[in-house]
Amino acid sequence: MNRAMMMSAAKNLLTRYGSTKNNIYRCMSTGKLTTVDVNEKSGVAVLTMNRLPVNGLNLELLRDIRNDIDEIEGNKCRGLILTSASSSVFSAGLDIMEMYKPNQDRLKEFWTTLQDTWLALYGSSVPTAAAINGHSPAGGCLLATSCEYRVMLPKFTIGLNETKLGIVAPKWFMATFCNVLPRRVAEMALTQGKMFSSEEALKVGLVDELAQSKEEAIEKCQQFFATFAKTNPFARAMTKQQFRSKDLQQLEDEKAQDLEAFLFFVNQPSVQKGLGIYLDSLKAKTK
Ligand SMILES: CC/C=C\C/C=C\C/C=C\C=C\CC(=O)SCCNC(=O)CCNC(=O)[C@H](O)C(C)(C)COP(=O)(O)OP(=O)(O)OC[C@H]1O[C@@H](n2cnc3c(N)ncnc32)[C@H](O)[C@@H]1OP(=O)(O)O
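What counts, and at which threshold
- Residues numbered from 1 in each chain as written.
- Predicted model: local features only at pLDDT ≥ 70, side-chain atom pairs only at ≥ 80, totals over all residues.
- UniProt positions renumbered as here; feature names shortened; annotations may be inferred.
- Helix = DSSP H or I, 4+ residues; strand = E, 2+ residues; numbered from the N terminus.
- Expected span 1.5 Å × (residues − 1).
- Buried ≥ 20, exposed ≤ 12 C-beta atoms within 10 Å, placed from the backbone.
- Arc of directions from axis to C-beta.
- Contact = placed C-beta atoms within 7 Å.
- Axes fitted to C-alpha atoms, helices over the stretch in contact; angles between N-to-C directions.
- Parallel < 35°, antiparallel > 145°, perpendicular 65-115°, else oblique.
- Nonpolar A, V, L, I, M, F, W, Y, C, P; charged D, E, K, R; others polar.
- Pairing = 2+ DSSP bridges.
- Core = buried A, V, L, I, M, F, W, Y, C linked by C-beta atoms within 7 Å.
- Near = placed C-beta within 6 Å.

- Where an unreviewed UniProt entry is consulted, the protein appears under the name Enoyl-CoA delta isomerase 1, mitochondrial, with the organism given as Musca domestica.
- The UniProt entry for the protein carries the following text under Pathway (unreviewed entry): "Lipid metabolism; fatty acid beta-oxidation."
- Word for word, the UniProt comment on the protein under Function (unreviewed entry) is "Key enzyme of fatty acid beta-oxidation. Able to isomerize both 3-cis (3Z) and 3-trans (3E) double bonds into the 2-trans (2E) form in a range of enoyl-CoA species, with a preference for (3Z)-enoyl-CoAs over (3E)-enoyl-CoAs. The catalytic efficiency of this enzyme is not affected by the fatty acyl chain length."

This is the structure in structure tokens:
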């Protein structure tokens, strides 16, 4: 984060927290594929992804998540908990249909919106947590690890499985993973495309706690936010943003090249072939 960005972030935060210390605001859901519910007492917003069956991250869902994050920030909420309306899938990651035989204009818009959603979530000044109430591969894992805290239900899986799909996870996916896991564990898991069970994820630190139900997971996320009760919100947010600034700045600086690399990669005939085979294998499962 350069000096100008830092000053602007500081100004935003001062405006937000300066005069509104004791007020609670109600956020409204902006999208059709998400809902946002605010606990009026705690001021914590629960952002629920609701694109069933698997919360595949397509352009519209990403737009809704992005707009919700902006609204939650703007409405001075005290925390953001990301969760899913499905009882078995948090998010299946990027909707492969966006990348398979794509319309090129939409493909550009899709990737740019993913970049912006990550920048907004990873760099959010509001405390963030994920209540992971289902499987969370690839892009689903990216969303969860972009949050500051993770509580997961048992018997699901989470990880960056891109190498198993013949895909290279972008640098910012890897940076997000490395912000949570020890470097050695992250490198092994990334190269193997490892999906961790909930129990394994807890053991390596990919998630912070397990919970037996979604309600319990949300409660534990709220308890995490309560650990900031005696901190100054401005100092807290600036500390988080400075801690993450190298990763954020890198994508800000390389956004155009990252988009170009993605478009080049996805349009390779061998990648298209691989995506087609993978989609067929997913669909064959349900027959
Ligand atoms: C140098 C590098 C430069 C640039 C970088 C280049 C490229 C980076 C590009 C991409 C990065 C991608 C990251 C991703 O997120 S890719 C997506 C990876 N996701 C997965 O592998 C998950 C696949 N899904 C599953 O494993 C399972 O569906 C499940 C465990 C999440 C849930 O299992 P269920 O049994 O509950 O549900 P299913 O019956 O399997 O699925 C129902 C339904 O949904 C379809 N579907 C599932 N996942 C996806 C998906 N990700 N995209 C699109 N569609 C999906 C599935 O086919 C079923 O459809 P039908 O009902 O049969 O029609």
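What follows picks up the thread again.
Thoughts on helix α8 (residues 214–226)
Turning to step 1, where the next piece is worked out: For α8, with 13 residues, the first-to-last C-alpha span of 18 Å sits near the 18 Å given by 1.5 Å per residue.
Turning to step 2, where the next piece is worked out: Among the residues of α8, those classed as buried are Lys-214, Ala-217, Ile-218, Cys-221, Phe-224 and Phe-225. Buried positions in α8, seen along its axis, are confined to an arc of 110 degrees and lie on one side of it.
Turning to step 3, where the next piece is worked out: Residues of α8 that are buried in the fold lie against β2 (44–49), β3 (79–84), β4 (128–132) and β6 (149–152).

Let's talk about the packing of helix α3 (residues 104–122) against helix α4 (residues 139–146)
Turning to step 1, where the next piece is worked out: It is the contact of α3 with α4, at a shortest axis distance of 9 Å, that shows an interaxial angle of 25 degrees. By the criterion of interaxial angle, the relationship of α3 to α4 is roughly parallel. The residues of α4 that touch α3, namely those facing Trp-118, Leu-121 and Tyr-122, are Leu-142, Leu-143 and Ser-146.
Turning to step 2, where the next piece is worked out: Of the residues in the contact of α3 with α4, the class split is 5 nonpolar, 1 polar and no charged.

Regarding the pairing of β3
Turning to step 1, where the next piece is worked out: Most of β3 is tucked away, with 6 of its 6 residues classed as buried.
Turning to step 2, where the next piece is worked out: Every second residue of β3 is oriented toward a common face, with Gly-79, Ile-81 and Thr-83 on one face and Leu-80, Leu-82 and Ser-84 on the other, all of them buried.
Turning to step 3, where the next piece is worked out: Pairing of β2 with β3 involves 6 bridges; the strand directions are parallel. Residue pairing across strands places Val-44 opposite Gly-79, the latter belonging to β3.

Digging into the nonpolar core
Taken as a class, soluble globular proteins show a tendency for nonpolar side chains to be buried jointly.
Turning to step 1, where the next piece is worked out: Counting residues in each nonpolar core, the largest one holds 70 residues, and the members touching the most others are Ile-81, Ile-132, Ile-158 and Cys-221.
Turning to step 2, where the next piece is worked out: Of all the elements, α3 adds the most residues to this core, at 6 residues.
Turning to step 3, where the next piece is worked out: Once residues within four sequence positions are removed from consideration, Ile-132 is found in contact with Phe-90, Ala-144, Arg-150, Val-151, Met-152, Leu-153, Ile-158 and Val-207.

Remarks on the site of the ligand
Turning to step 1, where the next piece is worked out: Residues in contact with the ligand amount to 28 residues; listed here are only the nearest, Ala-92, Gly-93, Ala-138, Gly-139 and Leu-282.
Turning to step 2, where the next piece is worked out: Contributing elements (two or more residues each) for the shell around the ligand: α10 (245–266) and α11 (269–285).
Turning to step 3, where the next piece is worked out: Partitioning the shell around the ligand into residue classes produces 17 nonpolar, 7 polar and 4 charged.

Description of the pairing of β2
Turning to step 1, where the next piece is worked out: For β2, a buried count of 6 out of 6 residues is recorded, marking the element as mostly surrounded by other parts of the structure.
Turning to step 2, where the next piece is worked out: Burial of the side chains of β2 extends over both faces: Val-44, Val-46 and Thr-48 are buried on one face and Ala-45, Leu-47 and Met-49 on the other.
Turning to step 3, where the next piece is worked out: For strand β1 (residues 34–38) and β2, the ladder comprises 5 bridges, and the chain directions are antiparallel. When the bridges of β2 are listed, Asp-37 appears paired with Val-46.

Structural notes on the sheet that holds strand β7 (residues 157–159)
Turning to step 1, where the next piece is worked out: The mixed open sheet is built from 3 strands, whose spatial order is β5-β7-β8. Only two strands of the sheet have a single partner each, and these edge strands are β5 (136–137) and β8 (196–197).
Turning to step 2, where the next piece is worked out: Examined bridge by bridge, β7 and β8 share 2 bridges and lie antiparallel to one another. Bridge assignment links Thr-157 to a residue of β8, and that residue is Ser-197.

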